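Chains, contacts and geometry: an overview
The primary structure of each chain is shown beneath.
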Amino acid sequence: MTPERWQRIKDLFEQAAELQDDERAAFLSRECGGDADLRVEVEALIKSDEQDGTLLDTPVADVLEGILAAEAATPAAGRRFGPYRVEREIGRGGMAVIYTAVRDDDQYRKQVAIKLIKRGMDTDAMVARFRRERQILANLEHPSIARLLDGGVSDDGLPYLVMEHIEGLPIDAYCDRYGLSTDERLRLFRTVCAAVHFAHRNLVVHRDLKPSNILVTEAGEPKLLDFGIAKLLTPDPGETQPATVAGVQPMTPEYASPEQVRGEPITTASDVYALGVLLYQLLTGRRPFRFGSRSPREIESVICKREPEKPSTVIALDPPALDLEAEAEPPASAPSDRAPAKLRRKLRGDLDNIVLKALKKEPERRYGSVEQLSEDLRRHLEGLPVIARADTFGYRTAKFVGRHAWGVAAALLIFLSLVAGIFATAWQARIARAERATSEEVSDFLVDLFETSRPDKALGETITARELLDRGAERIERELGDEPAVRARLMDSIGLAYSKLGLYDRAAGLLSEAVDLRRRTAGGEHPSVAVSMNHLGVVHTAQGRYPEAEQLLEDALALRREELGQEHELVAESLNDLGVLKYYRELYDQAEILLRQALELRREVHGAEHSEVAYVLNNLALVLYARDRYEEAEALSGEALAMHRKLLGDRHPDVAVTLNNLAEVLRAQESCQQAIGLFRQALELEIGLLGEEHPDVAITQSNLAGCLKDEGELDEAEELYRRSLELIRGTAGEHPQLAGSLNNLAGIFVARGDHAQAEAFFREALAVNREIHGGDHPDVAKNLSNLAITLERTGDHAAAEQCFREALEINGRLLGDEDPAVLANRKRLSEFLLRRGDLGAAEAEFRQLVALERQTLESPHRDLARSLLGLSRVLLAAGRPGEAEPAFRESLEMWRQWPDEWLMRAGTQSLLGGCLTELERYAESEPLLVESHAAFEEKRTASHPSTKRAVGRLIGLYEAWGRPEEAARYRARLAE
Amino acid sequence: MNEGPTDVTRLLLDWCSGDEQALAQLMPLVYDELHRRAESYMRRERKDHTLQPTALVHEAFLQLIDQNRVRWQNRTQFFAVAAQLMRRIVLKHARSHRADKRGGKSIKVTFDEAAVTTEKTAADLVALDEALDRLTSFDPRQGRIVELRYFGGLTVEEVAECLELSTATVKRETRIARAWLQREMTRAAGAPA
């Protein structure tokens, strides 16, 4: 319901409620006109209004009484959670109560810890967090991380977790008790780092690392507890919190990083910071900061502004007992084997630098990972030089990126599903050109880098480029600490270059650092900030991190409009990039609007014929293609092609890209022969201009292969796919495109019915995708779906189910349950479960699907109709025709509205008829079955399976009805 | 931790001045207080009283908040929190009650009219809660009014003051919200389960 419609209903209700029955009818028919739904709604409200003695008229107190009586009678000891019986309460935090408990049926009576969420904290967001924690921990198996054993919901509806019960001392107390030396402390600390790093690799940030969460056992092994506030690295856009508790993030101030107290996004860098605090404490016996009061303002100001003192210098401040503030803190631990003077010497230099690097205010200036921190400590322990050092050399400018623009520009941003062909956007080409422009200003630094480290020519160019970028990135970090503006520019450029190699994580790291640096040095509103924000947004788009991308691109657009006015090429650029993002999010309406705005603006700025105009035309064609508006897409692609040819000549890489896209549109319109011709042209052009080894060649080969596959030319298609695959393997390595190629090749085997071979390629593609993206990315999910479909065909149903579920879970987490892609995942799973006959699970999934679709889709909707049909089929199969009927009917109502859906309509009718037969409502069943049978006979042959099924249902009806002659008549037809 | 009046008052003031973290800390404290009071009603010393959420909320407010330091606006914010908590308390119970009836082994029992009534009420409450969420999605103000009126037990005048509306508006909005919710609940009960 929209607020506007609701307002209209309210107005009518108020007026109508005052009228007598007969006046009311006249009033409503006048006011509602043809809007029958509106009238029904208002009349229903009036009827409800006249009812009294409803729940809403009884004081809620009655129910409350019962609750309190029940709750008051539950003391902790002896309380049960599933098979566990509580022994005693051992802890109580802001959000949870911790008990020890034993499992009754366990002969060893092993103790466990149960963490029960507190009443009052069980907001939806919090419960969601608990669920997630459970999910995460279940997958997090590491000797230094406390195991999650079980979890559930208590009788009174509170979620709880059952965890390994650890006996041990907090790490600081342990170090003191056993008098560990500095080196021993460092080694112990590194074991903790290994566990945290393991969690990070699994996309889990701890968020609340502190001594009381790190217990050391008698055996000297550290165990990390309480991933209670751990959250997946990727944000969860589906999580909506009540407005009143938005932004609440649990934390412990002493160990909280600046970004944490400010409520900004928390990343692995926040754990690096907390580990820095811990290390500080283990080495010096003090924490880096103390707070005068516990007010949020004081805490924020200290953490965000005050620089910590070097560890070596605070040793001199002993003894802490003289410090008045010290009372507020528990006594912290200091290495007990050394006199202060000796300890100061030990800490001065490397250890000072390492600790302070971990404690940097800006996340990006800390260690890039916990592993790096740990590695630096190892170097220190072994007497090697450490990274944490501030040394500055000079730098010189280079034209490296400019010279290598095409060599580096793998232009491989689009992942291909099994069915879709490759559709190269001009978007990458535009990046490449922006890159060339930027590179002209890039400093000597890169030339120096390039000249001094030019490797043997035997190495492929792309590998060289990547190596160079790695070195460049490392040297920026080392050498340009005090030149923020140059640093920012280089980071921006190198970040872009990385993105073209498909190394999005590295690209994103550098670009976000560039954004921050520019914000600080150029001021938040400077156009250069928008440049980096825009670049980062584009990279996040490629990473599938859509919500972040959207935010950045929108901010960049707003900033540019503010600073540059409405009519500026850069505003058009942002519009274009935002449009491309919406395309990836499959929000095609919005994408089209944005791209049309970009197009109009570019025509104003550059005139009707300009490369920028051609690029945006190309992207717009892409959107229209996705909307199945092929004719329009073809016209725009053709226009872009003509424009490129005119401006750039016939032989230019951009011409080839556009040819490729036009061919793809033709392919979609099933003009395959024409498409094949254009693909071959594009391919010839690219090989001539760029050489056989260029990644663009691989794209076109792959598209051509897709087309040939559609034409049944499986052998040539396979050959081309294999060549393209080899090329990509050789040049790009682990790249989204490699996964795409493997997927495509798998598709050949699917087409040949060789599912075992297809499975092998799908699995390889999946491994590549996981390598590139980690576990969480829409591409991984897409891949899992493909694999699942194949597994179902090979008969490995258990594995298929697992893949369907995992795909759903990943996309759900990334995009939220209501995203169209996630709904599609759920649909696939539900339908699979139905096919497999797992009716219980299928019912649950279909119900959720229907509920979500009701929320998100405008009813009637084909997807909803289909889901309702699925649900009713499940219910019918489960022998619950009474429950199936309303869902069948609702589905049928929808199908009736679309004339082209005769097949679905007839099928649903036939099923509903069968359902009614089971309910012994034969007279209602008969017309439905007769009508659907007639539809099938008219559109299909008499021997078509659907027609036969329809006849079968008619036979079933007449037999059950006790009309054997009619049954026999239809049976005779079946025999024909 | 000291959880006396000063703490709660400070948290409330912090929250009212925009510190969202304070609310997270405030909620469990308020909940505990409400719960404690409710329990005392259940025991003999208050046997003669009927339990009224509104009384609970008012008393909790007086107990928890240093009256010299807060203004009326803070007080209404407090009621908003309390009404939310009341809703949650009631709903948790309703859900678990309903879950009891569904899950587990089926045990043959003699017909018990009271139990059936409670069960139905519990189901209705869950339906009400869901309907209220939907209502809030397209008419947040009505959602708040119902929450304050029904779950917080506030009078029309108190709601009006709390939301800075006229009493006529509150009455009008309550009436239509009630009708809509009632219709939704009937619909939920009749829909295929």
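Here the structure is a predicted model, which means the values were calculated and not measured.

1. A few points about the overall build of chain B
Along chain B, the regular secondary structure elements total eight helices and zero strands. Expressed as a percentage of its 193 residues, the buried residues of chain B come to 51%. In chain B, 63% of the contacts between residues at least 6 apart in sequence involve partners at least 24 apart. Entry remark: accessible area of chain B is about 9700 Å², with carbon and sulfur atoms responsible for 51%.

2. Remarks on the overall build of chain A
Across its full length, chain A carries 43 helices and eleven strands. Residues counted as buried form 54% of the 976 residues belonging to chain A. A sequence separation of at least 24 residues applies to 63% of the contacts in chain A between residues at least 6 apart. Of the roughly 41200 Å² of accessible surface on chain A, 48% is carried by carbon and sulfur atoms.

3. A look at the packing of helix α23 (residues 546-564) of chain A against helix α24 (residues 569-584) of chain A
Residue and element names in this part refer to chain A. Two elements in contact, α23 and α24, have axes whose closest approach is 9 Å; the angle formed by their N-to-C orientations is 160°. On the basis of their axis angle, the class for α23 and α24 is roughly antiparallel. With respect to the hand of their crossing, α23 and α24 are arranged in left-handed fashion. Of the residues in α24, those in contact with Y546, A549, E550, L553, E554, A556, L557, R560, R561 and L564 of α23 are L570, V571, E573, S574, L575, D577, L578, L581, K582 and Y584. Here the contact of α23 with α24 is composed, by residue class, of twelve nonpolar, one polar and seven charged.

4. Considerations on unusual backbone geometry
Of note, the bond from A:S859 into A:P860 is cis; its omega dihedral lies within 30 degrees of zero at 0°. The residue A:P860 is located in the loop between α37 (839-856) and α38 (862-877) in this model. The backbone of B:E164 shows a phi angle near 55°, a positive value even though the residue is not glycine. Along the polypeptide, B:E164 turns up in the loop between α7 (156-163) and α8 (167-190). The exposure class of B:E164 is exposed, given its relative accessible area of 69%.

5. Points about the pattern of salt bridges
Residue and element names in this part refer to chain A. This structure, assessed with the given rule, holds 69 salt bridges over all chains. R826 is the salt-bridge partner of D817, the closest N and O atoms lying 3.3 Å from each other. According to the relative accessible area criterion, D817 is partly exposed, its value standing at 31%. Since its relative accessible area comes to 5%, R826 is described here as buried.

6. Describing the pairing of strand β5 (residues 148-153) of chain A
Residue and element names in this part refer to chain A. As defined by bridge partners, β5 adjoins strand β6 (residues 159-164) across five bridges and the pair is classed as antiparallel. From the neighbouring strand, D150 faces β6, where its bridge partner is V162. Between the antiparallel neighbours β5 and β6 lie five residues, among them G157 with a positive phi of about 85°.

7. Considerations on helix α39 (residues 881-896) of chain A
Residues and elements named next belong to chain A. The end-to-end C-alpha separation of α39 is 21 Å, in line with the 22 Å expected for 16 residues at 1.5 Å each. Turning to α39, its buried residues are P881, A884, E885, A887, F888, S891, L892, M894 and W895. The secondary structure elements touched by the buried residues of α39 are α38, α40 (902-918) and α41 (922-939).

8. Considering a positive patch on the surface
Residues and elements named next belong to chain A. A contiguous patch of positive charge on the surface is contributed by K310, K342, R345 and R348. Summarising the element assignment, K310 is placed in the loop between α10 (296-305) and α11 (311-314). For K310, a relative accessible area of 44% corresponds to the partly exposed category.

9. Details of the pairing of strand β4 (residues 111-117) of chain A
Residue and element names in this part refer to chain A. Burial analysis of β4 places six of its seven residues in the buried class, the great majority of the element. With five bridges joining them, β4 and β6 adopt antiparallel strand pairing. Residue K115 lies in a different strand from β6, and its bridge partner there is L161.

10. Some details on the confidence of the model for chain A
Residues and elements named next belong to chain A. Mean pLDDT for chain A: 77, with 78% of residues reaching 70 or above. Contacts of residues 228-249 to residues separated by more than four positions or lying in other chains number 64 contacts, the stretch itself having pLDDT below 50. This stretch, residues 317-334, has a pLDDT under 50; its non-local contacts, to residues over four places away or in other chains, come to 26 contacts.

11. Points about the sheet that holds strand β10 (residues 222-224) of chain A
All names here are of chain A. Taking strand neighbours across the sheet as the criterion, the three strands line up as β7-β9-β10 in an open arrangement whose pairing is antiparallel. Bordering the open sheet on either side are β7 (169-170) and β10, each of which pairs with just one other strand. Strand direction decides the pairing type here: strand β9 (residues 214-216) and β10, joined by three bridges, are antiparallel. What sits directly across from L215, in β10, is K223. The strands that helix α7 (residues 182-201) touches are β9 and β10; relative to β10, the one it contacts most, it runs at about 30°.

12. Examining the packing of aromatic side chains
One pass over the full model with this rule turns up 16 aromatic pairs over all chains. On the numbers, 6.0 Å between centres and 10° between planes, the contact of A:Y958 with A:Y970 is stacked. With A:Y958 in helix α42 (residues 945-961) and A:Y970 in helix α43 (residues 964-975), this pair connects stretches of sequence that are twelve residues apart. Each member of the pair, A:Y958 as well as A:Y970, carries the same accessibility label: buried. Judged by centre distance (5.4 Å) and plane angle (85°), the ring pair of B:F138 and B:W180 falls under edge-to-face. You can see B:F138 sitting in helix α5 (residues 113-138) and its partner B:W180 sitting in helix α8, a full 42 residues away along the chain. Judged on exposure class, the residue B:F138 and its partner B:W180 are both buried. Joined through ring pairs, the aromatic side chains of A:Y922, A:Y958, A:W961 and A:Y970 make up one cluster. The lysine or arginine in question, A:K357, covers the ring of A:Y367, its NZ or CZ lying 5.4 Å from the ring centre. Taking the ring centre of A:Y970 as reference, the NZ or CZ of A:R969 above it sits at 5.3 Å.

Definitions and limits used
- Residues numbered from 1 in each chain as written.
- Chains lettered and ligands numbered in written order.
- Predicted model: local features only at pLDDT ≥ 70, side-chain atom pairs only at ≥ 80, totals over all residues.
- Heavy atoms only, no water.
- Helix = DSSP H or I, 4+ residues; strand = E, 2+ residues; numbered from the N terminus.
- Buried < 20%, exposed > 50% of the residue type's maximum accessible area, 1.4 Å probe, protein only.
- Contact = heavy atoms within 4.5 Å.
- Areas by Shrake-Rupley, 256 points an atom, 1.4 Å probe, with all protein chains shown as cover.
- Axes fitted to C-alpha atoms, helices over the stretch in contact; angles between N-to-C directions.
- Parallel < 35°, antiparallel > 145°, perpendicular 65-115°, else oblique.
- Left-handed = near helix turned anticlockwise from the far one by under 90°.
- Nonpolar A, V, L, I, M, F, W, Y, C, P; charged D, E, K, R; others polar.
- Salt bridge = Lys/Arg side-chain N within 4 Å of Asp/Glu carboxyl O.
- Pairing = 2+ DSSP bridges.
- Expected span 1.5 Å × (residues − 1).
- Patch = residues over 30% accessible without salt bridge, like charges linked within 9 Å, V, L, I, M, F, W, Y side chains within 5 Å.
- Lys, Arg positive; Asp, Glu negative; His and termini not counted.
- Charge placed at Lys NZ, Arg CZ, Asp CG, Glu CD.
- pLDDT = per-residue confidence, 0-100.
- Phe/Tyr/Trp six-rings, centres within 6.5 Å; stacked < 30°, edge-to-face > 60°.
- Lys NZ or Arg CZ within 6 Å of the ring centre and 35° of its normal.

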